[in-house]
Amino acid sequence: MRKVNCIKVITRAHTLGYCGGVRMAVRMAEHARAHHRGSVYTLGPLVHNPVTLARLRARGIECLDPAHLSFALHAPAAPGAAPHAVEEKTARTVVIRAHGVAPEVYEALERSGAQVVDATCPRVKESQRRAQGFAAQGLHVILAGDRNHGEIVGIEGYVRAGAAQACSHLPGGAPDGMLPQVQCFVVQNAREAAALPCLARAALLAQTTITQGEYDAIAAAARTRVRELTVARTICAATARRQAALRALAPTVEALLVIGGAHSANTQRLLHTARETSLPTWLVERVEDIPPDIYAFSAVGISAGASTPDCVIAAVEQALRTGGAPVASRVSSSALPKVSTCRAVCAAATSSVGSAGASGAVSPGAVRPFAVGSVR
């Protein structure tokens, strides 16, 4: 049974929710669905938020497992289909997700005949460009971030492209059997940075969603291993603003809710920032995840990751309001979606994502969004 609602004030962080890059990616995917005939896919989850993925799927935008890319792009039309039907059946549009992809993936998509819509975040594009440029100058490249994250994997591809440019400038090209002149290293923390080989010249770039504190520690450790280190500023300002807004919010409340996808890198960094305040903190993906213990506090602060849609923030705030006595809010919600709409979206996410299974694997015959589990 739910405890009596003691919440008197709900305060939103002054910056939270969708960033410009995520909002752009979602709009581009929806525009592709509205204006392109045939199948529309995103190459992997467009963003790491289950409600957004369910919303896209409801609009006919499927999430394609890159392992089955060839099948989806080259599936034949039904025998005997009318010419117009064949055109629609064989038309393929693939949306590059906000995290970006390696250049060879982009080129493979274009060679397949698919129409490519590039929704890569502009800040990630800048990191890709700079990584390729450093490698082309002959510098080793060190990437600070999650080595399995799509953004880092994509940037590694641009380092390879830059390394190829650097090798092409050597007399006769790169000698057979020799290691590339330029190497790429991925470090996830300062400890890994301290274990780098000794390098003469290198450039360090950050995954756009890591915290400045993490990056500073990695840079300090890398300087002990690299004689001449160039540290690029590649942390997204939107990520930093959300973290700063949460820190400013913390002294005014008794507990914090961070709203966002459990698999979202920027949401996880925001959660880490919240826990550093020592306040009771919870991560919720949707209304159903709100912990009963939150109602014991009189002042609650809410923040949300850069891939969290407005409707989810509004739905969580409304659920906190209606848990008991009327609650005051320090941020106007007049421009937010109706609660009934938010609940419908959240319900769709619960049914669509919850039934997808935990593995996230997609078979060629049943392309669907990756499953994202909730954190309670």
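UniProt lists the chain under the name 4-hydroxy-3-methylbut-2-enyl diphosphate reductase, from Treponema pallidum. The record in UniProt for the chain states the following under Function: "Catalyzes the conversion of 1-hydroxy-2-methyl-2-(E)-butenyl 4-diphosphate (HMBPP) into a mixture of isopentenyl diphosphate (IPP) and dimethylallyl diphosphate (DMAPP). Acts in the terminal step of the DOXP/MEP pathway for isoprenoid precursor biosynthesis." In UniProt, the chain has this text filed under Sequence similarities: "Belongs to the IspH family."

(A) Representation of the packing of helix α1 (residues 20-35) against helix α2 (residues 50-58). Following both chains from N to C, one finds α1 and α2 inclined at 15°, their axes separated by 10 Å at the closest point. Considered as vectors, α1 and α2 are oriented roughly parallel to each other. Between α1 and α2 lies a crossing whose hand is right-handed. Taken together, the residues of α2 that come into contact with α1 (itself represented by Val26, Ala29 and Glu30) are Thr52, Arg55 and Leu56.

(B) Up close: the UniProt feature "binding site: [4Fe-4S] cluster" in the chain. Following the UniProt record, one finds the feature "binding site: [4Fe-4S] cluster" at Cys19, Cys121 and Cys236. What stands out for the annotated residues spanning 218 residues is how close their C-alpha atoms remain, the widest pair being 10.1 Å apart. The topology assignment puts cysteine 121 in the loop between β5 (115-118) and α6 (122-136). Exposure remark for cysteine 121: the relative accessible area of 12% places this residue in the buried category. Examined against the element boundaries, cysteine 236 turns out to sit in the loop between β9 (226-231) and α10 (237-249).

(C) Looking closely at unusual backbone geometry. The residue serine 278 is not glycine, and still its phi comes out positive at about 70°. By secondary structure assignment, the location of serine 278 is in the loop between α11 (265-276) and β11 (281-284).

Each value, and the rule that gives it
Residues numbered from 1 in each chain as written. Predicted model: local features only at pLDDT ≥ 70, side-chain atom pairs only at ≥ 80, totals over all residues. Heavy atoms only, no water. UniProt positions renumbered as here; feature names shortened; annotations may be inferred. Axes fitted to C-alpha atoms, helices over the stretch in contact; angles between N-to-C directions. Helix = DSSP H or I, 4+ residues; strand = E, 2+ residues; numbered from the N terminus. Parallel < 35°, antiparallel > 145°, perpendicular 65-115°, else oblique. Left-handed = near helix turned anticlockwise from the far one by under 90°. Contact = heavy atoms within 4.5 Å. Buried < 20%, exposed > 50% of the residue type's maximum accessible area, 1.4 Å probe, protein only.

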